[in-house]
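A closer look at the structure
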Amino acid sequence: MAQKGVKLDQETFSCSICLDLLKYPVTIPCGHSYCLNCIKTHWDKNCEKKLHSCPQCRQTFTPRPVLVKNTMLAVLVEELKKTGLQAAPADHCYAGAEDVSCDFCTGRKLKAVKSCLVCLASYCEKHLQPHYESPAFEKHKLVEPSKNLKGNICSNHDEVMKMFCRTDQQCICYLCSVDEHKGHDTVSAAAERTEKQRELEGSRQQIQQRIQDTEKDVKVLQQEMEALNRSAEKTVEDSEKIFTELIRLIEKRRSEVKQQIRSQQETEVSRVKELQEKLEQEITELKRKDAELEQLSHTEDHNHFLHNYPSLSQLSESTHTSSINIRPLRYFEDVTAAVSELRDQWTNISSLVTQVDVLLSQPEPEPTNRTAFLNYSKEITLDPNTANTKLLLSDGNQKAIKMRQQQSYSSHRDRFTSWFQVLSKKSLTGRSYWELEWRGDGVYVAVAYKNISRSGSLNECGFGRNDKSWALQCTPISFTFWFNNIKTSVSGPWSSRIGVYLDHRAGILSFYSVSETMTLLHRVQTTFTQPLYAGFCLYCSDGDTVEFCKTN
């Protein structure tokens, strides 16, 4: 209890500005006491505003009070000093470089515990007490310590910015509202905050709803993944059993074939040994002949080669041909039949494995609406090196116009010369979607392999007239699909905008009439063996135009 009383005396006789024991104590008219230098410094800072107030209770004095030493306090302070006690409590926390410091502490400053949006100052726990105790501070707004209090002051009028200009979307002071922001939609900052707070809550609700929806989707995907894993594990187990049985059967067949070969081998070896000595001489001669031919094959003298080859290439007929070539064929007919049977069995197995591969790589379903198609949208540019010389490319090589005059393109082996055609610069693999607009007498909207002919007859290089290209013919009155010179009539709503969907791996190519809705005109299901390129073929009329559309 004695310790508690001493601590109370220390705080009682401490200056609330410097938080140290009073030095030359003075008492101002409101009754609060301070160090002479502390209160003088505090008032000197506000001398321009002619405000002389108490730092604790905020009572103001006019004129500035004359400060006289409080002798009684001075004596009591001296008595405290003689006890050897320090004024500053040990549990005070001083402000560091990253902290907000108290604006009213002198010397080493304490951490601020609150900032006042009215005073535009920050306070430590001791200097904050008047805000809790004095009725004069009841309407002051205390917030967490902030280093940016100056940002609440208008740089033009040195006033607190308590208003918000909705026209310019910025905080302003009252003078701004009647000056440069006159006639603007202005409200109090508090009102704008309230409205924005409602919007914030709405945004949070949307985010939380999306989180819930996404979590549901994640759960569904998790369940799907678990089902996939279960199915895959069971399929692997069953497949292992089946392949083990197949391997057993093949091993059995291999053993049978081996036994047949060994049986006939014993018979043939005895006969071959009899012929061996006779054949060795012939082999020696053939090796010599082969060495001469090899040496001749490396000569760089063409005349020497042509002069000597006829004599060196002539071979004498083997005297043992009939005995070697005829009899083994007869003996190994059974082996050939056995291996052929095994091959046929394996062919059937391979076809089944191919079906498994197809099942394991099922293509994703084709999109069902334009929004889904746009997920696969590709920005396509045309290759000037493929454009017919009467096609003008523009808009970043995404537009082609049929011209009367030839364009000054350089010569290139990829250029179409017979028909007014052009291909895209990059190939299309995977899943792709693009749209185009056409104007004029007509256009062929196509995809083609790169190795399509660039010149010659219509059937050789025309889009849709061969097995290297697929094309939808569009005219003002009809649609027609062409492939390998086979014509297919197409029905559907007419449109100058055509959508093309390609799933290269699945072998799907679809053409759509695009307006307010998408209508399927024609779908191809095939197997694409090479990368595809998008292309156009324009009619003969000058000014006919076709261009890729922006879909992003």
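Note that the structure is a prediction, hence the values are computed from the model and not measured.

When helices and strands are tallied, the chain shows 11 helices and 21 strands. Long-range pairs, those at least 24 residues apart, make up 56% of the contacts in the chain between residues at least 6 apart in sequence. Working note: accessible area of the chain is about 35500 Å², and carbon and sulfur atoms make up 52% of it.

Moving on to the sheet that holds strand S10 (residues 399-402). Read from one edge to the other, the open sheet built from 7 strands follows the order S9-S10-S21-S12-S17-S18-S19, with strand pairing classed as antiparallel. If you trace the sheet from one side to the other, it starts and ends with strand S9 (391-394) and strand S19 (518-525), each paired once. For this sheet the average axis-to-axis angle between neighbouring strands, irrespective of direction, equals 20°. Where strand S18 (residues 508-514) and S19 come together, 7 bridges link them in antiparallel fashion. Within the sheet, the bridge partner assigned to Ile 508 lies in S19 and is Gln 525.

Let us look at the nonpolar core. Residues Trp 434, Trp 470, Ile 498 and Leu 509 are the most contacted members of the largest nonpolar core, which totals 36 residues. The residues touching Trp 434, leaving out its near neighbours within four places in the chain, are Lys 378, Ile 380, Leu 428, Val 447, Ile 498, Gly 499, Val 500, Leu 502, Ala 534 and Phe 548. Formed by 20 residues, the second largest nonpolar core is a distinct cluster that contains Leu 22, Ile 28, Cys 35 and Trp 43.

Consider a sheet: its strands pair through backbone hydrogen bonds, and that pairing is either parallel or antiparallel. Ordered in space as S7-S6-S8, the 3 strands form an open sheet in which the pairing is antiparallel. A single partner strand is all that each edge strand has here, and the edge strands are strand S7 (170-172) and strand S8 (186-188). On average, each strand axis in the sheet is tilted by 35° relative to the strand beside it, whichever way the strands run. Across 3 bridges, strand S6 (residues 163-165) lies against S8 in antiparallel orientation.

With that settled, the discussion passes to the pattern of salt bridges. Taken as a whole and judged by the stated rule, the model has 19 salt bridges. Arg 166 is the salt-bridge partner of Glu 195, the closest N and O atoms lying 2.6 Å from each other. Of this pair, Glu 195 sits in helix H6 (residues 189-297) while Arg 166 sits in the loop between S6 and S7, placing them 29 residues apart in sequence. Accessibility expressed as a relative area gives 27% for Glu 195, which makes it partly exposed. On the basis of relative accessibility, which here comes to 26%, the residue Arg 166 falls in the partly exposed class. Notably, a salt bridge pairs Glu 285 with Arg 288, separated by 2.2 Å at the nearest N-O pair.

Residue Pro 63 is bonded to the preceding Thr 62 through a cis peptide linkage, with omega at 0°. Mapped onto the fold, Pro 63 is located in the loop between helix H2 (36-45) and helix H3 (71-82). Although it is not a glycine, Arg 58 adopts a positive phi angle of roughly 70°. Judged by its relative accessible area of 23%, Arg 58 falls in the partly exposed class. Positive phi, normally seen in glycine, also occurs at Asn 484, with a value near 55°. Here Asn 484 shows up in the loop between strand S15 (479-483) and strand S16 (486-490). On the basis of relative accessible area, Asn 484 is assigned to the partly exposed category, the value being 39%.

On to the pairing of S18, then. Summarising burial for S18: 7 of the 7 residues are buried, a large majority. Alternating residues of S18 divide into Ile 508, Ser 510, Tyr 512 and Val 514 and Leu 509, Phe 511 and Ser 513, and every residue in both groups is buried. Where strand S17 (residues 497-503) meets S18, 6 bridges bridge the pair, whose relative direction is antiparallel. Pairing of Ile 498 across the sheet is with Ser 513, part of S18. The antiparallel hairpin formed by S18 and S19 contains 3 residues in its connecting segment.

Another point: the environment of Cys 154. You can see Cys 154 is positioned in the loop between strand S5 (142-143) and S6. The spacing of Cys 154 and Cys 173 is 19 residues in sequence and 6.2 Å in space, taken between C-alpha atoms. Look past the residues within four positions of Cys 154 in its chain and what remains in contact with it is Glu 159, Met 161, Cys 173 and Cys 176.

Basis of the calculations
- All residue numbers refer to position in the chain's written sequence, counted from 1.
- Totals for whole chains, interfaces and linings use all residues, but because this is a predicted model, local features are given only for residues with pLDDT of at least 70 and pairs of side-chain atoms are given and counted only at 80 or more.
- The basis for every side-chain value is the complete set of non-hydrogen atoms in the structure, without hydrogens or water.
- A helix here means a DSSP run of H or I that spans at least four residues, while a strand means a run of E at least two residues long, and both kinds are numbered starting from the N terminus.
- The contact definition used throughout considers only heavy atoms, calling two residues in contact when any of these lie within 4.5 Å.
- Accessibility throughout is a Shrake-Rupley quantity obtained with a 1.4 Å probe, and a residue counts as covered only by protein chains that appear here.
- A pair of strands counts as paired when DSSP detects no fewer than two bridges linking them.
- To define axes, lines are fitted to C-alpha atoms, for helices over the stretch in contact only, and angles between the resulting N-to-C directions are given on a 0 to 180 degree scale.
- We call a set of buried Ala, Val, Leu, Ile, Met, Phe, Trp, Tyr and Cys residues a nonpolar core when their side-chain atoms join them within 4.5 Å.
- Burial classes: relative accessible area under 20% of the type maximum marks a residue as buried, over 50% as exposed, and values in between as partly exposed (1.4 Å probe, protein chains only).
- Any Lys or Arg side-chain nitrogen found within 4 Å of a carboxyl oxygen on Asp or Glu counts as a salt bridge.

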